[in-house]
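Chain and residue survey
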Amino acid sequence: MTRLATVVLPVAGSGTRMRPATDATAKELLPIYDTPLLLFALEEAVASGAQRLVFVSRATKPGISNYVEHLMSQEPSFAGVEVRSVDQGEPLGLGHAVLSARPEVLPGPVGVLLPDDLILGAPVLAEMADVFDPASMDCLAAAQRVDRAESSRYGMFDLAMASVGSAVLPARTLVEKPDPADAPSDLAVVGRYVLSEKIWPVLEKTTEGAGGEIQLTDAIAGLDRLYAFQFSGCRYDCGDKEGWFSATQAVRSDRLRKETVAAE
Ligand code: UTP
């Protein structure tokens, strides 16, 4: 297993798709049934062995640092985990957010975990750390099959070989938000990454891409040894109202099932 000394959690986005809820509360603090979305992310990051968590936030979202401070002082499972916070200033894109974290990132491969991509089941970032091989990989990104019609919402993998049932697939490159007709596969990148230190010089040179934002996908496309990781859990885009609602229903079902089992 590769130990991920640092996991970066970008939480500086505007959350416009979840308005008006996000006028009152940061997207990452919205409850998924009975649990703030961010708590799922923190538990997964710590399960990957992270010694340090780096939050990329903004002064307009103070609730996040207050909640993280509360958790770190109250929850025994987070004892010994270092927390750092950097201010992104303006939400110029995920690539810009990750680059903003760099001064606080420890040497070695870094994990990046987007809290609004909730993945229920086995802790995906920990599984990825297990299979990440620094001698042969520059990027391992979580991957999920999507309808091609949805490819313009995702970074899409250009695979080096057709899927052979393996969890780890080599890829030639990534294409950010292609039109369905141009999508090189139906395998989309979702919010978990393990990146070697080679990402930093590439990110520094990455300019605005799709949507006028500095895209992490464009920087990853500049790396040589890319791999997709097909996870087994179920992913919910909680940055979207329907995804958030489905996640809430799934967590509720799970809680009720566990309560029934416990009562038997
Ligand atoms: P999204 O693509 O969901 O963007 O970001 P968003 O701004 O939060 O949401 P919408 O599109 O306005 O509804 C994915 C993740 O990257 C972070 C977000 O906080 C979220 O965790 N992010 C995005 C940043 O930290 N900074 C950015 O500039 C953009």
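Above this note sits the structure.
Residues numbered from 1 in each chain as written. Predicted model: local features only at pLDDT ≥ 70, side-chain atom pairs only at ≥ 80, totals over all residues. Heavy atoms only, no water.

Our next topic: the pattern of salt bridges. Applying the stated criterion to the full structure yields 21 salt bridges. Measuring nitrogen to oxygen at the nearest pair gives 2.4 Å for the salt bridge that ties Asp 254 to Arg 257. With Asp 254 and Arg 257 both in helix H8 (residues 241–263), this residue pair falls three residues apart, about one helical turn. On the accessibility criterion, Asp 254 (22% relative accessible area) is partly exposed. Each of Arg 17, Glu 150, Arg 153 and Asp 237 takes part in salt bridges that share partners, so that together they form one network. (Salt bridge = Lys/Arg side-chain N within 4 Å of Asp/Glu carboxyl O. Helix = DSSP H or I, 4+ residues; strand = E, 2+ residues; numbered from the N terminus. Buried < 20%, exposed > 50% of the residue type's maximum accessible area, 1.4 Å probe, protein only.)

What follows covers the site of the ligand. Of all residues adjacent to the ligand, which total 18 residues, the nearest are Thr 16, Arg 17, Lys 27, Gln 88 and Gly 93. Separating an oxygen atom of the ligand from a backbone N or O atom of Pro 10 is a distance of 2.8 Å. In the model, an oxygen atom of the ligand is placed 2.6 Å from a nitrogen or oxygen of the Lys 27 side chain. Isolated, the ligand exposes 570 Å² of accessible area, and the fraction of that covered by the protein chains is 83%. Its residues placed into classes, the shell around the ligand shows eight nonpolar, six polar and four charged. (Near = heavy atom within 4 Å. Polar contact = N/O pair within 3.5 Å; in protein donor to acceptor, adjacent residues only side chain to side chain. Areas by Shrake-Rupley, 256 points an atom, 1.4 Å probe, with all protein chains shown as cover. Nonpolar A, V, L, I, M, F, W, Y, C, P; charged D, E, K, R; others polar.)

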